[in-house]
Amino acid sequence: MIQKQARFHLYRYQILPIERQFQGDFIYAKTIDELIARKNQFFFDVLKNTKLFSKRTSTITKTIYVNDELAIYRIGADRSISRETKEFKEETLENWPSVLMAIWNRPDKQLIAIQHRPTAFTDTDAVMRIVIGSLRGGLTRRQLVLKWEPLFESRHFWELVKKHEGKVQEVSFEFVTPNMSNISQDLSEELKAFAKATNSADNKLVIHSDPKSSLNITKENDSINGLVNYSSEGGGQIKMKVKGMTKKVSASDVVKEVEIDELALQGSAEDIAKILKALLDE
């Protein structure tokens, strides 16, 4: 018998101060340093006090497991079914397919894994938008904003560069101002300092070649390689314009994923937590 596998897409979130230059006291922190030091605590406080993740779609939320740094939820969407009976009448049957979501709220991790199940949600990005939207108000009151991006394999970018060698005319890097040292170590100190000094949350760096030429993109270029590595770890997106193609090519379209036997997800909440945490830690 073939065992069914549940697929989880991986995302990174970063918690940033809305205003890096604020002065004086407010209800949650007295200084910007205190705010940044307590950002994960504030995020988890908001998360644990949110009972329903909802946007336009009618959803239900069930908390499966919560400890000091890990939270697991099941989120269902209303996908009610209409059918005709043998009495020639129409009836509506309730249908609430769901996905599992795990949030690892450790300062050096900040990862979210969402089960990919199109019968519940078209894609996992839709779940991320619902969850982040539900947390926005509570984080804003704490002078914080949440930025998220999918993880992808850096090799995918380099495979695209090789595939379109001699035809890449533009590459744009859209990246979140870093505040996680373990994933931003490849970025230049000048770039990190510039983003923070300007109070930016999102940044965009675009390089173009002459229309009659192409860009020279290689791993030997430390600045490019650093941006690629940071982006692949959930720090941003990379898009490239290729000669002869009208639509830009995205390196982050293929979201990094992990798989797990669906039977393993039928265990206790503690067992599910151990399995998902182990997968996130790979």
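Scroll up a little and you will see the structure.
Here's a quick rundown of the structure. (Residues numbered from 1 in each chain as written. Predicted model: local features only at pLDDT ≥ 70, side-chain atom pairs only at ≥ 80, totals over all residues. Heavy atoms only, no water.)

**Considerations on the overall build of the chain**
Along the chain, the regular secondary structure elements total 8 helices and 13 strands. For the chain, the spread of C-alpha atoms along the principal axes amounts to about 70 × 55 × 35 Å. Within the chain, the proportion of its 282 residues that are buried is 45%. Taking all contacts inside the chain whose residues are at least 6 apart in sequence as the whole, residues at least 24 apart take part in 69%. (Helix = DSSP H or I, 4+ residues; strand = E, 2+ residues; numbered from the N terminus. Buried < 20%, exposed > 50% of the residue type's maximum accessible area, 1.4 Å probe, protein only. Contact = heavy atoms within 4.5 Å.)

**Quick look at the pattern of salt bridges**
Applying the stated criterion to the full structure yields 11 salt bridges. Its salt-bridge partner being Glu34, residue Arg38 comes within 3.1 Å of it at the nearest N-O pair. According to the relative accessible area criterion, Arg38 is partly exposed, its value standing at 28%. Of the charged contacts, one joins Arg155 and Glu159 as a salt bridge, the two residues approaching to 3.3 Å between their closest N and O atoms. One end of the pair is Arg155 and the other is Glu159, both in helix α4 (residues 154-163) and 4 residues apart, which spans about a single turn. On the basis of relative accessibility, which here comes to 43%, the residue Glu159 falls in the partly exposed class. (Salt bridge = Lys/Arg side-chain N within 4 Å of Asp/Glu carboxyl O.)

**What to know about the nonpolar core**
Counting 34 residues, the largest nonpolar core has Phe43, Leu47, Phe53, Ile75, Met101 and Leu135 as the members making the most contacts within it. Every element with two or more residues in this core is listed here: β1 (5-17), α1 (32-37), α2 (39-48), β3 (70-77), β6 (98-104), β7 (111-115), α3 (124-141) and β8 (144-150). With 7 residues, α3 is the single largest residue contributor to this core. Not counting the four nearest positions on each side in its chain, Leu47 is found in contact with Phe53, Ala71, Tyr73, Ile103 and Leu135. (Core = buried A, V, L, I, M, F, W, Y, C linked by side-chain atoms within 4.5 Å.)

**Regarding the environment of Leu135**
With respect to the helices and strands, Leu135 occurs in helix α3. The buried category is assigned to Leu135, whose relative accessible area is 1%. For Leu135 and Thr50, which are 85 residues apart along the polypeptide, the C-alpha to C-alpha distance reads 7.3 Å. When sequence neighbours within four positions are dropped, the list of residues in contact with Leu135 reads Phe43, Val46, Leu47, Thr50, Phe53 and Leu146.

**Description of the packing of aromatic side chains**
Enumeration over the complete set of coordinates arrives at 5 aromatic pairs. For the ring pair Phe53 and Tyr73, a centre distance of 5.1 Å and an interplane angle of 85° mean the geometry is edge-to-face. Residue Phe53 is found in the loop between α2 and β2 (59-66), and its partner Tyr73 is found in strand β3; the two are separated by 20 residues along the sequence. Each member of the pair, Phe53 as well as Tyr73, is classed as buried. The interplanar angle of 80° and the centroid separation of 4.9 Å between the aromatic rings of Phe157 and Trp158 together place this pair among those described as edge-to-face. What makes Phe157 buried here is its relative accessible area of 0%. Here Arg79 stacks its cationic end above the ring of Phe121, 5.8 Å away from the centre of that ring. (Phe/Tyr/Trp six-rings, centres within 6.5 Å; stacked < 30°, edge-to-face > 60°. Lys NZ or Arg CZ within 6 Å of the ring centre and 35° of its normal.)

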